[in-house]
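What the coordinates show
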Amino acid sequence: MIKNKKYVMVYAIDRCVDCKACMVACKAQWQVPENHFRTHIDEKYSPGKYAPNRKYFLPSQCNHCDEAPCVSVCPTKASHKREDGIVYVDRDICIGCKYCIVSCPYDARFFNEEVGVAEKCTFCLPWIQQGHQPACATTCLSNTRIFGDINDPNSEVSKFLAEAKRNKSKIWKLREDLGTEPNIYYVQS
Amino acid sequence: MVFQESFEWYIALYLFLGGVGAGAILSAAFADLYDREKYVNYIKSASLIGMPAVAIGCFFLLIDLGQGLTKPWLLIYLFANPTSAITWGTAILTLFIIVSLLYAAYNFNFIKFGGGKITLLSLIVLAIGTAGYTGVLLGVLRAIPFWHQTLIPVLFIISAISTGISATVVVKEILFSKKKENIAPIETGHFYLMVLEFMMVIAMIIIALNGVPEMVFSIKVLLSGKYAVQFWLIFMILGLLLPTLLYGLQEIKKLHMKGSFLIIIELLVLLGGYYLRYLILHAGVFTEKFAHYIG
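Here's what I pulled together on the structure shown here. (Residues numbered from 1 in each chain as written. Chains lettered and ligands numbered in written order. Predicted model: local features only at pLDDT ≥ 70, side-chain atom pairs only at ≥ 80, totals over all residues. Heavy atoms only, no water.)

Two descriptors summarise a pair of aromatic rings, namely the distance from one centre to the other and the angle between the planes of the rings. Per the counting criterion, the structure on display carries 19 aromatic pairs over all chains. Measuring from ring centre to ring centre gives 4.5 Å for Trp 9 of chain B and Tyr 10 of chain B, while their planes differ by 55 degrees; the resulting arrangement is tilted. Overall, the relative accessible area of 26% leaves Tyr 10 of chain B in the partly exposed class. Seen in terms of ring centroids, Phe 59 of chain B and Phe 60 of chain B are 6.1 Å apart; in terms of plane orientation they differ by 75 degrees. Their pairing is edge-to-face. A residue is classified by how much of its surface remains accessible, and Phe 60 of chain B, at 18% relative accessible area, is buried. Through a chain of ring-to-ring contacts, the aromatic side chains of Tyr 11, Trp 172 and Tyr 186 of chain A together with Phe 290 of chain B assemble into a single cluster. One residue, Lys 27 of chain A, lies across the ring of Phe 37 of chain A, its end atom 4.2 Å from the ring centre. (Phe/Tyr/Trp six-rings, centres within 6.5 Å; stacked < 30°, edge-to-face > 60°. Buried < 20%, exposed > 50% of the residue type's maximum accessible area, 1.4 Å probe, protein only. Lys NZ or Arg CZ within 6 Å of the ring centre and 35° of its normal.)

See below:
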């Protein structure tokens, strides 16, 4: 049986230099409204056990959760989970109630005032169907962002994650305690 | 910490007016069950404010919706998802508006048959549902820890009944001031509701101060942060403590409030009810996604 595609993204966070090219590429690709971005980079300090605190650049975007709160709270079912794993907002039936925006523990959504709908990362949906990589991954100069189908063992993400496991790198996802089953992997060697 | 900025004063007003309408009808339905003749003017006043308050609240929701006005046919999709609290709320509010409209028509003799106790009992269920929904809407969200408390729906129901009684008394004082009607049992009930609300707010403060860091942050924003003046002056003192004190004095017969003084005090309760929701909405911060990291 052929498994469905399941798109995920990996951030190799040691490589991120906070150049913000991903944020700009995404914004240019999808005409994201002026005050908003679909992806962000946070600066955080990891408390060092033996050494001084270390600074990390942590990208974030929609986690395309398997148990997405935004999907279960959407009254119109405009927010839905596609078979390829992407959580997508159907703009034709989104009524703009903003409930999904406050339901997202990752603060990945925002309200598009120009169109009157909730908006977020789509993994560049129409673009990847033509065989391209998402804009953020294409433009990432340090190759922090790796995108692909985790159900395909030969894809770049599957290989990268397998390699990271072999190297005993730290692999985690954001706030798994909330039960959202996110699909963005953070890898720190 | 990141404040939520999606639910603004439109939504606060929607939650508030939903509570006022539900509380007014709930108190009237109980008064009706107990002794319709004795409280007839109170019941009439409540049915004048009940359904319109909820309907105006829904109007504020409607103008807050991104595509509610430009594509009104999408409104039917609000019933589409049984797992969404908004779908539950849309169903409850629709039924509430219909039944309370019938109830008002019966109270003002536009229709002869009011459905008797079945209408009253369904109004009680729908009113508690409407008031509770305004809290459940926030309570089900894991993403905002300060809202994710069982206390929120209960507090909103208590505040809804309290503001509903206040709104009804205001209408009654304006329209039926000539007709003397003793509503002392309702006033006593209102006093105890206010005391209960005060205790619940104290409980909310204590629990939030001992909660996860996001909850601590939210409550400190109210107690000593950028909303401290609104919280202490408008909500706590003017909206809650002053009216409770005056109702208390009335209970021990040291004071008798009437006329414009009474109206002003009831309006203060309403102001407090609005600010309770406004402040809880604005104190909401998203749960920390990079919990492993500081900075």
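What follows covers unusual backbone geometry. Most peptide bonds take the trans form, and the phi angle of most residues other than glycine is negative. Residue and element names in this part refer to chain B. Positive phi, close to 60 degrees, is recorded for Asn 109, a residue that is not glycine. Checked against the element boundaries, Asn 109 lands in the loop between helix 3 (85-107) and helix 4 (116-139). Despite not being glycine, Lys 253 shows a phi value in the positive range, around 65 degrees. For Lys 253, a relative accessible area of 72% gives the class exposed. (Helix = DSSP H or I, 4+ residues; strand = E, 2+ residues; numbered from the N terminus.)

A few words now on the nonpolar core. Here is a general trend for soluble globular proteins: nonpolar side chains tend to be buried in one another's company. Core analysis: the biggest nonpolar cluster contains 148 residues, and Tyr 99 of chain A together with Trp 147 and Ile 280 of chain B have the highest contact counts within it. Setting aside chain neighbours within four positions, we find Ile 280 of chain B in contact with Leu 138, Phe 146, Trp 147, Ile 152, Leu 155, Phe 156 and Met 204 of chain B. (Core = buried A, V, L, I, M, F, W, Y, C linked by side-chain atoms within 4.5 Å. Contact = heavy atoms within 4.5 Å.)

As a further point, take the interface of chain B and chain A. Counting residues at the interface gives 41 residues for chain B, matched by 49 residues for chain A. Across the contact surface, chain B and chain A share two salt bridges. With a closest N to O distance of 3.2 Å, Asp 64 of chain B and Lys 98 of chain A form a salt bridge. For the pair chain B and chain A, the number of links is 20 residue pairs in polar contact (both at pLDDT 80 or more). For the side of chain B that touches chain A, the secondary-structure elements that each account for two or more residues are helix 3 and helix 4 of chain B. Among the elements that line the side of chain B that touches chain A, the one with the most residues is helix 3 of chain B, at three residues. (Salt bridge = Lys/Arg side-chain N within 4 Å of Asp/Glu carboxyl O. Polar contact = N/O pair within 3.5 Å; in protein donor to acceptor, adjacent residues only side chain to side chain.)

Residues and elements named next belong to chain A. Throughout the structure, instances matching the rule amount to 13 salt bridges over all chains. As a salt-bridge pair, Arg 38 and Glu 119 come within 3.0 Å of each other at their nearest N and O atoms. Of this pair, Arg 38 sits in the loop between helix 1 (21-30) and strand 2 (40-46) while Glu 119 sits in strand 7 (residues 117-119), and the two are 81 residues apart along the sequence. The buried category is assigned to Glu 119, whose relative accessible area is 3%.

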